[in-house]
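Working through the structure, step by step
If you want the building blocks of each chain, they are given just below.
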Amino acid sequence: FYDAFDGISTRDFVWAYGLRNPFGGGWRQATGQHFIVENGSTVDRFALAVRGRDYLWDGTEDSTRNYALYNWFPAHAPVNIAFIEPSLFD
């Protein structure tokens, strides 16, 4: 939500919102995209971080499934993610 014309505010530091507990993430060099892993009580989420997206967490475990590329059920508490890419490990 960065806007260079309205001065610096806390809103400038928000990339995405509506997440329950993002615990780790990683940039995929091949695509320049950022992925996150998020811990829930009974369901964990792996998702693509999209600028300005509301991930719709509403306090329920079912909402942890919104925009998920993958869900761990039962929860496994993923704490980070890494990509093995040919450009890094040729």
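None of the values given here were measured: they were computed from a predicted structure. (Residues numbered from 1 in each chain as written. Predicted model: local features only at pLDDT ≥ 70, side-chain atom pairs only at ≥ 80, totals over all residues. Heavy atoms only, no water.)

1. Some thoughts on the overall build of the protein
Heads up, the rule is: Secondary structure follows DSSP: runs of H or I at least 4 residues long count as helices, runs of E at least 2 residues long count as strands, and numbering of each begins at the N terminus. Exposure is judged per residue with a 1.4 Å probe applied to protein chains only, and the accessible area is read against the type maximum: over 50% gives exposed, under 20% gives buried, and values in between give partly exposed. Residues count as neighbours in contact if any of their non-hydrogen atoms are within 4.5 Å of one another. For accessible areas, the Shrake-Rupley method is used with a probe of radius 1.4 Å. Any residue's cover is judged against the shown protein chains and nothing else.
Broken down by element type, the protein carries 0 helices and 4 strands. Seen in sequence order, the protein has helices and strands lined up from the N terminus as β-β-β-β. Seen through its principal axes, the protein has C-alpha atoms that stretch 45 × 45 × 15 Å. When each of the 90 residues of the protein is scored for burial, the buried share is 24%. Partitioning the intrachain contacts of the protein with sequence separation of at least 6 by distance along the chain shows that 46% fall at a separation of at least 24. A total of about 6,100 Å² of accessible surface is found on the protein, and carbon and sulfur atoms cover 57% of it.

2. Digging into the side chain of Asn39
Secondary-structure assignment places Asn39 in the loop between β2 (33–38) and β3 (44–49). The exposure class assigned to Asn39 is buried, which follows from its relative accessible area of 9%. With residues up to four places along the chain from it excluded, the contact list for Asn39 reads Arg20, Asn21, Phe23, Asp44, Ala77 and Pro78.

3. Considering the pairing of β3
In regular strands, side chains alternate between the two faces of the sheet. Our working rule: Strand pairing is assigned whenever DSSP detects at least two bridges linking the two strands.
Of all the 6 residues making up β3, 5 are buried; the element is thus mostly covered by neighbouring parts of the structure. Relative to β3, β2 runs antiparallel, the two being bridged by 5 bridges. The partner of Ile36 across the bridge, within β3, is Ala47. For β3 and strand β4 (residues 70–72), the ladder comprises 3 bridges, and the chain directions are antiparallel.

4. Things to note about a nonpolar patch on the surface
Heads up, the rule is: Residues qualify for a patch when their relative accessible area is over 30% and they have no salt bridge, like charges being joined within 9 Å and the nonpolar side chains of Val, Leu, Ile, Met, Phe, Trp and Tyr within 5 Å. Just to be clear on terms, a salt bridge is a Lys or Arg side-chain nitrogen sitting within 4 Å of an Asp or Glu carboxyl oxygen.
Taken together, the side chains of Tyr2, Ile8 and Phe13 make up a nonpolar region of the molecular surface, amounting to roughly 420 Å² of accessible area. Of note, Tyr2 is situated in the segment before β1 (22–28).

5. Digging into the sheet that holds β3
This is how it is decided: Inter-axis angles, ranging from 0 to 180 degrees, are taken between N-to-C directions of lines fitted to C-alpha atoms, where helices are fitted over the stretch in contact.
One open sheet holds the 4 strands; their spatial order is β1-β2-β3-β4, and the pairing between them is antiparallel. Of all strands in the sheet, those bounded by a partner on one side alone are β1 and β4. Each adjacent strand pair in this sheet contributes to an overall mean axis angle of 20°, direction not counted.

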